[in-house]
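Residue strings, one per chain:
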Amino acid sequence: MTSPHGKELGLIITTHISVSRKCVRALKAIQRARVALPASFFPSLLHKDPNGRCCSSAPIPRITSHYTIYPRDKDPRWEGVDMQRFVDEADVVIVGGGPAGLSAAIRLKQLANQHEKELRVCVVEKASQIGAHTLSGACLEPSALEELFPDWKERGVQHANTRLPMNNHGNYIVRLGHLVRWLGEQAEELGVELYPGYAAAEDVFERGMELHAKVTLFGEGCHGHLAKQLYKQFNLREGCEPQTYAIGLKEMWVIDEKNWRPGRVEHSVGWPLKRNTYGGSFLYHLNEGEPLVALGFVVGLDYTNPYLSPFREFQRWKHHPSISPILEGGSRIAYGARALNEGGFQSVPKLTFPGGALIGCSPGFMNVPKIKGTHTAMKSGMLAAEAIFSKLTDENLQSETTGLHVPEYEQNLKKSWIWKELHAVRNIRPSFHSYLGLYGGMLYTGVFYWILRGKEPWTLKHCGLDSAQLKPAKQCTPIEYPKPDGKISFDLLSSVALSGTNHEHDQPAHLTLKDDGVPVACNLATYDGPEQRFCPAGVYEFIPLESGEGMRLQINAQNCVHCKTCDIKDPSQNINWVVPEGSGGPAYNGM
C-alpha cells in the first residue's frame, strides 16, 4: 500500500521467529525489573459506582503500554531491541482469508490464468487454519458463489437446501467455516499463496516481516484493526454515517433425531428483548448425516441499558417453549460470537485509496433484514479483483512498485446488484429507532419494503455511534437473569471453553486501553462496568484491589474470541482491540 504522498508502505506481518521470542523475553525481563514509567501513567482517582462502592485507581498497576499510547522511542523497555524486518514483494496482498478475501484471490488468479499473465497473490490470515476464525449462521444466498464457480455443487461443497420460510427458498444452509476452508483449497489449486497463522498489523511487538504490494485488499471482517487506522489516515468515513453493529452469538448442537428437520430455517425477532432493543434469533437444521442444528441470537449494539448481557439473553431465549423441546436430550458441541455490521447503505465508507481497498464485512455490506452478508462480501471481493486486474495489466502502467489507486472498484460496486440490494433495505434497520421500537420497525417494513420494495424517496438515519447509546446505570433497572440449568442454558466460561480459544501466554495483551484510569473512573462509576456484560467471553471483570479499597479492571485476554464488541460498545471508547500474535484466538470447526 502507499501513503497519501504516494510513497510505498509495507504491510507488517507478525511471525513466529526466534528473534521475536527474544524481544518478548527481553520485555518480560525488563518488566520484572520494574522499569520506571512516567507518573502520568498511574492516575490517582477516587469515585463511587452506582452501588456506592469506592472506585479508586491510585494503586492500580499499569495495564497498557501499547506503542499507540506510549511510543517506542520514548519507552525504555525497547532500548537496544533490533526491529529490523525481512521484506518480500507481491502484486496483490489480501489481508483476511474469509469469503471476501478468498473470492478476490480466486478471481484474480482466474483472470491471470485466462489471460496468461503472471500474478503473485498472497493471502495472510491471523487464524491458525483457514476458516478457524469464521463464524456465521449461515444460510447462504448462492448468487456470488455461482458467479465464481458455476459448478460449485459438483466441486463438493457441503450444503442443505432450505425449507421455508419462503424468503429463504433456494438458499442453502452451510457451515461457513467449512465453506471458507473449501474456498481456500480452490485458491491454492489456482496458485494463490495462503499464509494462515500470520496476523497483519501496522506495527507489532514482534520483529515480524514486511509484505510490499502494488495493491493491498483489506478483508479483515467486521471492525478490522487495520481498517480502523485506514478510516482515519485516508478520511474514508467522510460523507457517510457512523457504522452501527450487532453482536451475534452461536451454538452448535447434536439433537435427538426425532426433533431434526434437515433444511428447516426458523427466524424470530424480539423476545426476550424489550421492544426498544433490536435483535432476533435463528435456528437452522443442517443436513450432514447427523442431527445437527445451528442456533444463535443477535443483539443490536445500540441498546441503552448497561445491565443488558447479550450472552445471557441468548441463554434465556433457548428456554422459549418453541425452542427448548428441540434441544432437550441433545448436547452442545460448539460456541462462538462475532460482531456484525448493520449500518448498511448509509454507513458504507469510501472503498479505495492509494495502494489499497476495503472489501467484504470490513466496510460492511450485510443485508440486515435477511441476516445475510456472505454473498455480498464475496461479490465485493470479485469486483475488486476484476478492477485491480485491469489496472495491473494496463500497458500504460508506469511503475512496477508504486501502489495503485483503483477507484474503478467502487464505481463498479455501485453499479452492481450489491448496491441495489442495500439501497432497497436501507430504511429497515433505522426504522426501529422510533418510540414504537420493534413494532414501529415491523410496521414500516411491512408497508415500505414488502409493498414498495424500498422505493420510498427518503433515507432514514441511524442514531449515531453504538458507544454513545448507553444510559447511566442510575437511570436503568438491573436485569435479573435466570441461573443456567446446565442442560439448555449454560454459564459463560464453560461456553468459551467450547470455542477452542487460545493465545500464547507470554505475549503482551492485545486488548489495550488508551487510559488505564478510565475503566474504574468512568465505566464502573457511571455505567456499572458494562464491559463485564457485553463481552461474550468473560474477558473483562472488575475485582477488588488487594488493599480492599476500591476496584480494578482485570483483562483476561486469553479468553478473547476476537468479536471486537468491546472496541465497538465501550462507552468511553477507551478500549482498542489490536491483533494478537498470529494463530491466537478461537479455533472454530465449521462455525
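Residues numbered from 1 in each chain as written. Predicted model: local features only at pLDDT ≥ 70, side-chain atom pairs only at ≥ 80, totals over all residues. Heavy atoms only, no water.

> Is there a simple way to think about the side chain of glutamate 342 in this case?
The topology assignment puts glutamate 342 in the loop between β16 (331–341) and β17 (352–353). A polar atom in the side chain of glutamate 342 sits 2.7 Å from the side chain of arginine 429. Excluding residues that lie within four positions of it along the chain, glutamate 342 makes contacts with Gln243, Thr244, Tyr245, Ala246, Tyr278, Val298, Gly300, Met366, Val368, Arg429 and His462. (Helix = DSSP H or I, 4+ residues; strand = E, 2+ residues; numbered from the N terminus. Polar contact = N/O pair within 3.5 Å; in protein donor to acceptor, adjacent residues only side chain to side chain. Contact = heavy atoms within 4.5 Å.)

> I keep staring at the pairing of β16 and nothing clicks. Help me out?
On a regular strand, each side chain points to the face opposite its neighbour's, so the side chains alternate between the two faces of the sheet. Among the eleven residues that make up β16, eight are buried, leaving the element largely enclosed by the rest of the structure. One ladder, built from ten bridges, connects strand β12 (residues 245–254) with β16; its direction is antiparallel. Its bridge partner being in β16, leucine 249 is matched across the sheet by alanine 337. (Buried < 20%, exposed > 50% of the residue type's maximum accessible area, 1.4 Å probe, protein only. Pairing = 2+ DSSP bridges.)

> Just checking my understanding: could you explain a nonpolar patch on the surface for this structure?
Together, Leu443, Val447, Trp450, Ile451 and Leu452 line one region of the surface with nonpolar side chains, adding up to about 510 Å² of accessible area. Topologically, tryptophan 450 is positioned in the loop between α11 (438–449) and α12 (492–497). (Patch = residues over 30% accessible without salt bridge, like charges linked within 9 Å, V, L, I, M, F, W, Y side chains within 5 Å. Areas by Shrake-Rupley, 256 points an atom, 1.4 Å probe, with all protein chains shown as cover. Salt bridge = Lys/Arg side-chain N within 4 Å of Asp/Glu carboxyl O.)

> Help me understand the sheet that holds β16 in this model?
Across a sheet, strands are paired by hydrogen bonds formed along the backbone, either parallel or antiparallel in direction. Here we have five strands laid out as an open sheet, ordered β13-β14-β15-β12-β16, and antiparallel in their pairing. Only two strands of the sheet have a single neighbouring strand rather than two, namely β13 (265–269) and β16. Going across the sheet, the axis of each strand differs from the next one's by a mean of 15°, ignoring polarity. Helix α6 (residues 310–317) rests against β12, β13, β14 (279–285), β15 (292–300) and β16 of the sheet, and its axis sits at about 135° to β15. (Axes fitted to C-alpha atoms, helices over the stretch in contact; angles between N-to-C directions.)

> Looking at this model, I keep getting lost on the packing of aromatic side chains. Mind explaining?
Each aromatic ring pair is characterised by the separation of its centres together with the angle its planes make. Across all of its chains, the model carries eleven aromatic pairs by this definition. Between phenylalanine 218 and phenylalanine 353, the ring centres sit 6.1 Å apart and the planes meet at 40°, which makes this aromatic pair tilted. Placement of the pair is phenylalanine 218 in strand β11 (residues 209–218) and phenylalanine 353 in strand β17, with a sequence separation of 135 residues. Considered together, phenylalanine 218 and phenylalanine 353 belong to a single accessibility category, that of buried residues. Between the aromatic rings of phenylalanine 345 and tryptophan 419, the centroid separation amounts to 4.9 Å while the plane-to-plane angle is 50°, which identifies the pairing as tilted. One end of the pair, phenylalanine 345, is in the loop between β16 and β17; the other, tryptophan 419, is in helix α10 (residues 417–424), and 74 residues separate them in sequence. Here tryptophan 419 falls in the buried class, since its relative accessible area comes to 17%. An aromatic cluster of three or more residues is present, and its members are Phe218, Phe234 and Phe353. Here lysine 318 stacks its cationic end above the ring of phenylalanine 314, 5.3 Å away from the centre of that ring. Across from the ring centre of tryptophan 577, 4.6 Å away, lies the NZ or CZ of lysine 564, which sits over that ring. (Phe/Tyr/Trp six-rings, centres within 6.5 Å; stacked < 30°, edge-to-face > 60°. Lys NZ or Arg CZ within 6 Å of the ring centre and 35° of its normal.)

> Sorry if this is basic, but what is going on with the nonpolar core here?
Where a protein is soluble and globular, its nonpolar side chains tend to be buried together. Of all hydrophobic cores here, the largest spans 68 residues; its most connected members are Leu295, Leu327, Leu511, Val539, Tyr540 and Ile555. Ranked by residue count, the leading element in this core is β15, at six residues. Excluding its chain neighbours within four sequence positions, the residues that come into contact with isoleucine 555 are Ile63, Leu511, Leu513, Val539 and Tyr540. By size, the runner-up hydrophobic cluster in this structure holds 56 residues, among which are Val180, Trp182, Leu217 and Leu422. (Core = buried A, V, L, I, M, F, W, Y, C linked by side-chain atoms within 4.5 Å.)

> How should the pattern of salt bridges be read in this particular structure?
Pairing between side chains of opposite charge can happen when their charged atoms approach one another. Scanning the entire structure with this criterion turns up 19 salt bridges. Notably, a salt bridge pairs glutamate 193 with arginine 120, separated by 2.8 Å at the nearest N-O pair. Of this pair, glutamate 193 sits in strand β9 (residues 193–196) while arginine 120 is found in the loop between α2 (99–114) and β5 (121–125), placing the two residues 73 residues apart along the sequence. Relative accessible area serves as the criterion here: at 24%, glutamate 193 is assigned to the partly exposed category. Arginine 120 gets classed as partly exposed once you look at its relative accessible area, which sits at 24%. Members of the salt-bridge network, linked through shared partners, are Asp88, Arg120 and Glu193.

> Looking at this model, I keep getting lost on the packing of α2 against helix α8 (residues 374–392). Mind explaining?
Relative placement of two packed helices is described by the angle separating their axes and the distance separating the axes. The geometry of α2 relative to α8 is characterised by a closest axis approach of 7 Å and an angle of 35° between their N-to-C directions. Regarding α2 and α8, the two cross each other, and that crossing is right-handed. Counted together, Pro99, Ala100, Ser103, Ala104, Arg107, Leu108, Leu111 and Ala112 of α2 and Thr374, Ala377, Met378, Ser380, Gly381, Met382, Ala385, Glu386, Ile388 and Phe389 of α8 form the full contact between these two elements. Residues of the contact of α2 with α8, tallied by class, amount to twelve nonpolar, four polar and two charged. (Left-handed = near helix turned anticlockwise from the far one by under 90°. Nonpolar A, V, L, I, M, F, W, Y, C, P; charged D, E, K, R; others polar.)

> Just to check I follow, could you spell out the environment of phenylalanine 365 for this structure?
Along the chain, phenylalanine 365 falls in the loop between β18 (356–358) and α8. On the accessibility criterion, phenylalanine 365 (1% relative accessible area) is buried. Spatially, the C-alpha atoms of phenylalanine 365 and tryptophan 419 are 8.7 Å apart, while their sequence positions differ by 54 residues.

> It is not clear to me how the side chain of histidine 562 should be interpreted in this structure. Could you clarify?
By the secondary structure assignment, histidine 562 is in the loop between β21 (551–555) and α15 (565–569). Separated by 2.8 Å, the side chains of histidine 562 and lysine 126 make a polar contact. At 2.9 Å, the side chain of histidine 562 and the side chain of histidine 503 are in polar contact. Excluding anything up to four places from it in sequence, histidine 562 contacts Lys126, His133, His503, His510, Trp577, Pro580, Gly584, Gly585 and Pro586.

Structural measurements only, silent on function.
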